[in-house]
Amino acid sequence: MTLSEFLEKWLKDYAKHNAVATTYSSYVDAVKHLSQGLGLIKLDKLRPDLIQSFISTKLETHSNRNVRYYYKILNCALNTAIKWQIISFNPCVAVTPPKVPKKSIEILDAVEVNVLLDAAKETVIYMPILLAITCGMRRGEILGLKWNHIDFENNILHIRDNLVRTYTGEVLTQNPKTDTGKRSITVPAETIKALRQHRKYQLKVKSMLHHQYQDGNYVCCWEDGRHFHPDYVISAFKKLIRKLELTDIRFHDLRHYVESFVMWSELILVLILQAFIKITPHNNKFTTYQASLTSP
């Protein structure tokens, strides 16, 4: 059995049944690259030096991140081959994968956030931007959000679906990958107010379009009800950022703004409490609370 034949079997019998659609799509893409470079080699003849040469060649035209991912998929597949008793040794353990440099996270400051939100009000991506900034939501979570996921009485938003694009270009809705991904978020009052206004406008347009309205119950969509394509939100956001000459960030980076705001708010609270603690230095309640704020 060649590596290419085994990888196809691995995709069919293992990966397809153990991964969500977007992850499976990325597996298929990785297998394509692995098969092109190593596919003709017999599985029991695959040596570490051959894999290392494959990595070296791929690095000439591909990013470290992508090549490391190909290595990760190969390693995972060969570990499965060991479980299936097809091979007894995984040559990946003797291979050095490329290192992926860590990216520094860029965030907008408070002034830039206000400029962005003011300008975005004139565009169709205002609501996706607002939800990313104030609720820390990801793109797929925002585009998969439906009106029945919002509890207006209690200001709570429930993450239940992701609208995503696969490597093949297909757009589909899927459940969050993990239980932690399926969560509930407390929504700021101003965002709830904006959502109410957005819903009111959406219903008005729906009544005007009648049968032409494609009702998917999406919060963020075109005026005729069609969901946004994930790529459109990214490109429209990038154009807006450059037009406004703001810090060149990704749409995904918007969700870190609320995290940084909470972090600094908690830090300020700790500093204030520290000022009071000088008066009562043996306050165990404060020590416990301070630890809960500063612990990872």
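First, a word on what this report is: a plain description of the structure on this page. Worth saying up front: this structure is predicted, and the values here are computed from it rather than measured. (Residues numbered from 1 in each chain as written. Predicted model: local features only at pLDDT ≥ 70, side-chain atom pairs only at ≥ 80, totals over all residues. Heavy atoms only, no water.)

1. Comments concerning the sheet that holds strand β2 (residues 156-158)
One open sheet holds the 3 strands; their spatial order is β1-β2-β5, and the pairing between them is antiparallel. Two strands close off the open sheet at either side, each with one partner strand: β1 (150-151) and β5 (184-186). (Pairing = 2+ DSSP bridges. Helix = DSSP H or I, 4+ residues; strand = E, 2+ residues; numbered from the N terminus.)

2. Describing the nonpolar core
Counting residues in each nonpolar core, the largest one holds 45 residues, and the members touching the most others are Leu116, Ile129, Leu131 and Leu254. Breaking this core down by element, the ones donating at least two residues are α5 (110-120), α6 (126-135), α7 (139-143), α8 (189-209) and α9 (230-244). With 8 residues, the single largest contributor to this core is α6. Residues in contact with leucine 131, not counting those within four places in the same chain, are Gly136, Met137, Ile142, Leu145, Leu157, Thr191, Leu195 and Cys220. One finds Trp10, Ile51, Tyr71 and Ala77 within the second-largest nonpolar core, a separate group that totals 27 residues. (Core = buried A, V, L, I, M, F, W, Y, C linked by side-chain atoms within 4.5 Å. Buried < 20%, exposed > 50% of the residue type's maximum accessible area, 1.4 Å probe, protein only. Contact = heavy atoms within 4.5 Å.)

3. Focus: the side chain of threonine 2
Structurally, threonine 2 can be placed in the segment before α1 (3-18). For threonine 2, a relative accessible area of 14% corresponds to the buried category. When neighbours within four sequence positions are excluded, threonine 2 is seen to be in contact with Gly39, Leu40, Ile41, Lys42 and Leu43.

4. Looking at unusual backbone geometry
A positive phi angle, near 60°, is found at glutamine 85, a position not held by glycine. Inspection of the secondary structure assignment puts glutamine 85 in the loop between α4 (64-83) and α5. For histidine 210, which is not glycine, the phi dihedral falls at a positive 55°. With respect to the secondary-structure elements, histidine 210 resides in the loop between α8 and α9.

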